[in-house]
Each structure stands twice: as structure tokens, then as C-alpha cells.
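# Descriptive structure summary
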Amino acid sequence: MNATLAAVVLSLFSAVAYAAAAVAQERLASRTTDSGTLRLLSSGAWWWTVVLNCSAALLHVAALKYGTLTLVQPLGALTLVAAVPLGARVAGRRVSAVEWRGTALTLIGLSAVLVTASGPAPDNVLSVPQALGVAATTAALIGMLSRPGARPGLRHATASGFASGVASALTQTVTVAVTDRSGSLLSAQVIVVALLVAAFATGGLLLSQTAYRGGLGAPLAVVTLANPVAAAAIGLFLLGEQLRGGAAGLLLAAVGAGVASWGVVTLSHSVPQPALPEPLVDATDEHPVAAVLALEPGSAAFEPSLLPKQSGSGQLTSL
């Protein structure tokens, strides 16, 4: 198996794991009005979602070992694509026409990006000065985007996408540096960059939570699109990654990115805003990933549980 194929396969499994975790979290959120931390920590089902998310993250790190940033990061949009049939299957409904259209556009666009971004396994890494420069520039951008002002949801979503994309780029540096066996596992480069990864990954998570307070559709699309933009910029300008096919390849990648972006926006717009006060609201078109990011009890439609309940135990119910 060549490096490109390994990166694509690992990214696919990572996306499916992330999507499965999102669907599971959405079902948990739909069954309880208590979203406190202690409640989650006492839930075995919630810990299974943690395991799924950790597994997805490890698969993503492995993909970064075999594939370039310009290849692996755009494939993160496959999480939305995988969540559509998974969420529909679990909810016992059919995939809507809007979801099919968004899925098709995303897959077509990613296929074009895949053709131009494929290449050998990455061997270049960021030096400590480069990593610190990237961190300082990104922190300044995040600070500007996080200032009080109009449309905070979109600005925080952009900042979250940049932070997550930079965290992935730095993760690739750590992964390649650790696995090439040419230096110490506890070198200054590995330690410094690993600390930066932790900082930006945490910052991206916190920023994404604040981004969805004012709505889900547009911020969800912005986070999904800003992430690969930041990572690809680092790959192209600092790590020497190139797109295949010269000018024609660059044009094909740009068109593919535009089509994939259209698909992501279409998928995110399939999420209805919870504005209807009636108790019998039809939530069959709710996107499972968006329901998770809402982080609000009752934001997802009620669905029967597959887990048994002991009376009076406060655990999940079954019908």
C-alpha cells in the first residue's frame, strides 16, 4: 500500500469514527435534560463516545504520517458525509434530498483535491523557530477574530478552524519527528511542538463551543472549511508541499475545493434552527454532527434508546 492510499484509508476510518461518536453523542443529548459534567462522567455510554473520538484522533495522526497536509486535512469533511447516513440509519429515517446533494458535491470536490494533492509520504517538519512563528501568527489572528463585535459566531468559528488546522500541522511535525528515528523522542523540537499542539487543540475546541451559541449552520461550515485552509497554507509555504499537474493541477484543486465547500455549506444548511415552540416539531432533517455541537439539552429529536434501564437508576431508557 503506497503512502497516499494509506493516508486516504486512515482518513476515511477517522471520519467514520468521528461521525459515529457524533451520532452517539446526539442520541445521548436527546434523552436527558441534565447535561452537567458529573452526569456525563457517570454515563458509560458517554465514555464510549470518548473512546470513539480518541480512536478517530489517533487515526488522523496516523494519516498525517503518510499523507501531506494538503491531502489529509480536506478529507476531514468526510466526517459530515459519513454522519449523514449514520444519523439517518440510527434515527430510522431516509436521507433527505438536500443531504444527498450536499454529500455528492462534497465527494466530487474532494475527489478533485485528492488527484492533485496525492504524493509521497511527508518528510519535512517545522523547525522550532518556524513552529513558534506559526503559533504567534495564529494566536494574533485568533485574538483579532475573538474581539467583541458583530457576528461573533462566524468569527469564533473561523478562529476555531484556524486553531484546529494549525494543531494538525504541528501534530504532523511531532509524528514525523518521532517516527523517523533520527533524533531523540524527547528533543526540544518534539516537546515544544507537542505543547503547542495541546494549546491549539484545546483552544480550537473552546472556540467551537462559543461559535455555535448563535446558530449552527454557517459556523459549522466555516469551521469545516477554515481548518484545511490553515493546514494547507502551512504545508504549501513552509513544508514545501506541492500540488501535482502544475497550473492545470492548481486550477483543478481550486475548483474541487470550491465544489467541496459548496457541499459542506449545503450539508450545514440542512440543519433546521430550533425556533418552533410546538411540542410536536418535526426534527427528521436535523444533522447529527450539528446536534452534538449545539451542546444544549433537547436540541435533538427524541429517539428510543438501545440500552436497557434499571428502574430508578437514572440511566438511559429503552422502549
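Everything numeric here is computed off the predicted structure, so don't read it as measured data. (Residues numbered from 1 in each chain as written. Predicted model: local features only at pLDDT ≥ 70, side-chain atom pairs only at ≥ 80, totals over all residues. Heavy atoms only, no water.)

### Considering the overall build of the chain
Of the regular secondary structure elements, the chain holds twelve helices and zero strands. Element order for the chain, N to C, with α for helix and β for strand: α-α-α-α-α-α-α-α-α-α-α-α. For the chain, the residues scored as buried account for 45% of the 319 residues in total. Taking as baseline every contact in the chain between residues at least 6 positions apart, the subset at least 24 positions apart corresponds to 79%. When the accessible surface of the chain is summed, it comes to about 16,000 Å², and 69% of that surface belongs to carbon and sulfur atoms. (Helix = DSSP H or I, 4+ residues; strand = E, 2+ residues; numbered from the N terminus. Buried < 20%, exposed > 50% of the residue type's maximum accessible area, 1.4 Å probe, protein only. Contact = heavy atoms within 4.5 Å. Areas by Shrake-Rupley, 256 points an atom, 1.4 Å probe, with all protein chains shown as cover.)

### Here's the deal with helix α11 (residues 246–269)
In a regular helix each residue adds 1.5 Å, so 24 residues correspond to 34 Å; α11 covers 34 Å between its end C-alpha atoms and thus fits that length. Along α11, the positions that sit buried rather than exposed are Gly 249, Ala 253, Gly 256, Ala 260, Gly 263, Val 264, Thr 266, Leu 267 and Ser 268. (Expected span 1.5 Å × (residues − 1).)

### Quick look at the nonpolar core
Core analysis: the largest hydrophobic core is formed by 47 residues, its most contacted members being Leu 69, Ile 142, Val 166, Leu 170, Val 193, Phe 200 and Ile 234. Counting residues per element, this core draws most heavily on helix α8 (residues 152–179), at eight residues. Not counting the four nearest positions on each side in its chain, Leu 69 is found in contact with Leu 64, Pro 74, Ser 168, Ala 169, Gln 172, Ala 231, Ile 234, Gly 235, Leu 239 and Glu 241. (Core = buried A, V, L, I, M, F, W, Y, C linked by side-chain atoms within 4.5 Å.)

### Examining the packing of helix α6 (residues 97–117) against α11
Interaxial distance between α6 and α11 falls to 7 Å at its minimum, and their mutual angle equals 160°. One way to sum up the angle between α6 and α11 is to call them roughly antiparallel. Considering only the axes of α6 and α11, their crossing is left-handed. Residue composition of the contact of α6 with α11, by class: 15 nonpolar, nine polar and two charged. (Axes fitted to C-alpha atoms, helices over the stretch in contact; angles between N-to-C directions. Parallel < 35°, antiparallel > 145°, perpendicular 65-115°, else oblique. Left-handed = near helix turned anticlockwise from the far one by under 90°. Nonpolar A, V, L, I, M, F, W, Y, C, P; charged D, E, K, R; others polar.)

### Description of helix α9 (residues 188–211)
Given a rise of 1.5 Å per residue, 24 residues ought to cover 34 Å, and the 34 Å separating the end C-alpha atoms of α9 matches this to within 8%. For α9, every residue scored as buried is listed here: Val 190, Val 193, Leu 196, Val 197, Phe 200, Gly 204, Leu 207, Ser 208 and Ala 211.

### Considering the side chain of Thr 171
As for its position among the elements, Thr 171 is in helix α8. Excluding anything up to four places from it in sequence, Thr 171 contacts Val 61, Leu 64 and Val 197.

### Some thoughts on a nonpolar patch on the surface
Together, Leu 12, Val 16 and Leu 86 give the surface a local cluster of nonpolar side chains, amounting to about 220 Å² of exposed area. Summarising the element assignment, Val 16 is placed in helix α1 (residues 3–30). (Patch = residues over 30% accessible without salt bridge, like charges linked within 9 Å, V, L, I, M, F, W, Y side chains within 5 Å. Salt bridge = Lys/Arg side-chain N within 4 Å of Asp/Glu carboxyl O.)

### A word on the packing of α8 against α9
The geometry of a pair of packed helices is captured by two quantities: the angle between their axes and the separation between those axes. The contact between α8 and α9 brings their axes to 7 Å, and the two run at 155°. Our classification of the angle between α8 and α9 gives roughly antiparallel. In the packing of α8 onto α9, the handedness of the crossing is left-handed. For the contact of α8 with α9, a count of residues per class yields 18 nonpolar, ten polar and no charged.

### Observations concerning the side chain of Thr 68
Summarising the element assignment, Thr 68 is placed in the loop between α3 (44–66) and α4 (69–72). Residue classification places Thr 68 among the buried residues on the basis of a relative accessible area of 11%.

### Describing the environment of Val 98
With respect to the secondary-structure elements, Val 98 resides in helix α6. Judged by relative accessible area, which is 32%, Val 98 ranks as partly exposed. Between the C-alpha atoms of Val 98 and Leu 267, which are 169 residues apart in sequence, the distance is 7.1 Å.

### Section: the environment of Ala 121
In this fold, Ala 121 is placed in the loop between α6 and α7 (128–145). The class for Ala 121 is partly exposed, based on a relative accessible area of 34%. Taking the C-alpha atoms as reference points, Ala 121 and Thr 4, 117 residues apart in sequence, are found 7.1 Å from one another.

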